[in-house]
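Each chain, letter by letter, is given below.
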Amino acid sequence: MCALTSERVIEVVCKELSLTKEEVISHNRERRIVDARKMIAYVLRNHFDFTLTEISKLFNHKDHSVVFRYLIVTEDLIFTNKIFRENLMEIERKLSESGLTGLKD
């Protein structure tokens, strides 16, 4: 796991969604915060090949099952929720423009 990569992804997501890192890694269940976690998990898993366990540790989860669920729900939200999809696409664009290696086109 690359701490620099995960920190940068968290930073970009937080900035885009007007959240703090503390909010994202907390156990808060507000939709906007949970959606941010989903986006972080999606980017780290699909663009940087982080394991479910590595991602779960970032969010202080005891196991990877929550992250697995995030990924399943995110796939659905990409197709059904225009705002979620647009936010995620903007985050991916910003990460790509920042030169973060590993981001697939």
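Right above here is the structure, for reference.
This write-up is about the structure you can find in this document. (Residues numbered from 1 in each chain as written. Predicted model: local features only at pLDDT ≥ 70, side-chain atom pairs only at ≥ 80, totals over all residues. Heavy atoms only, no water.)

**Quick look at the environment of K94**
To be explicit about the condition: In DSSP terms, a helix is any run of H or I states spanning at least four residues, a strand is any run of E spanning at least two, and both are numbered starting from the N terminus. To sort residues, take the accessible area from a 1.4 Å probe on protein chains only and compare it with the maximum for the residue type: under 20% means buried, over 50% means exposed, and anything in between is partly exposed. The criterion used for residue contact is that any of the two residues' heavy atoms lie within 4.5 Å. Counted as a polar contact is a pair of N or O atoms within 3.5 Å, where, for protein atoms, one must be capable of donating a hydrogen and the other of accepting one, and residues adjacent in sequence contribute only when both atoms are in side chains.
Positionally, K94 belongs in helix α6 (residues 82–97). What makes K94 partly exposed here is its relative accessible area of 32%. For the pair K94 and R37, spaced 57 residues apart in sequence, the C-alpha to C-alpha distance is 17 Å. Apart from the residues lying within four places of it in its own chain, the contact partners of K94 are V12 and E16. A polar atom in the side chain of K94 sits 2.5 Å from the side chain of E16.

**What about unusual backbone geometry?**
Positive phi outside glycine occurs at S18, with the angle close to 55 degrees. Position of S18 relative to the elements: it lies in the loop between α1 (3–17) and α2 (21–25). The exposure class of S18 is exposed, given its relative accessible area of 60%. Positive phi values are uncommon outside glycine, yet N60 reaches one of about 60 degrees. Note on placement: N60 falls in the loop between α4 (52–58) and α5 (65–80). You can call N60 partly exposed: its relative accessible area is 47%.

**Things to note about the pattern of salt bridges**
For the record, the criterion: The salt bridge definition used is simple: a Lys or Arg side-chain nitrogen within 4 Å of an Asp or Glu carboxyl oxygen.
Evaluated as defined, the whole model comprises 10 salt bridges. Salt-bridge contacts for E90 lead to K94; the nearest nitrogen and oxygen are separated by 3.8 Å. Placement of the pair is E90 and K94 together in helix α6, with a separation of 4 residues, close to one helical turn. Looking at E90, the relative accessible area reads 22%, which means it is partly exposed. The partner of E97 in a salt bridge is R93, and the shortest N-O contact between them spans 2.5 Å. Placement of both E97 and R93 in helix α6 is noted, with a separation of 4 residues, approximately one turn of the helix. Look at the salt bridges and you will find they share partners, linking E16, E90, R93, K94 and E97 into a network.

**Here we look at the side chain of R37**
We count it as follows: Just so you know, the count uses Lys and Arg for positive and Asp and Glu for negative, and it drops His and the chain ends.
Position of R37 relative to the elements: it lies in helix α3 (residues 31–48). The side chain of R37 sits in the buried core without any salt bridge; E30 is the nearest counter-charge, 8.7 Å away. If sequence neighbours within four positions are ignored, R37 has contacts with E23, V24, S26, H27, N28, F59 and Y70.

**Comments concerning the side chain of T74**
Locating T74 in the fold gives a position in helix α5. Look at T74 and you get buried, because its relative accessible area is 0%. The contact partners of T74, leaving out residues within four places of it in the chain, are K38, Y42 and F84.

**Describing the packing of α3 against α6**
As a reminder, the rule being used: An axis is simply a line fitted to the C-alpha atoms; with a helix, the fit covers only the stretch in contact. Between two such axes, the angle follows the N-to-C directions and lies from 0 to 180 degrees. For classification purposes, an angle smaller than 35 degrees is called roughly parallel, one larger than 145 roughly antiparallel, one from 65 to 115 roughly perpendicular, and anything else oblique. Crossings are sorted by hand: turned counterclockwise from the far helix by less than a right angle, the near helix makes the crossing left-handed, and turned clockwise it makes it right-handed.
For the pair α3 and α6, the least separation of the axes is 11 Å and the interaxial angle reads 50 degrees. In this view, α3 runs oblique relative to α6, as classed from their interaxial angle. α6 is crossed by α3, and the crossing has right-handed handedness. Taken together, the residues of α6 that come into contact with α3 (itself represented by D35, K38, M39, Y42, V43 and H47) are F84, N87, L88, I91, E92 and L95.

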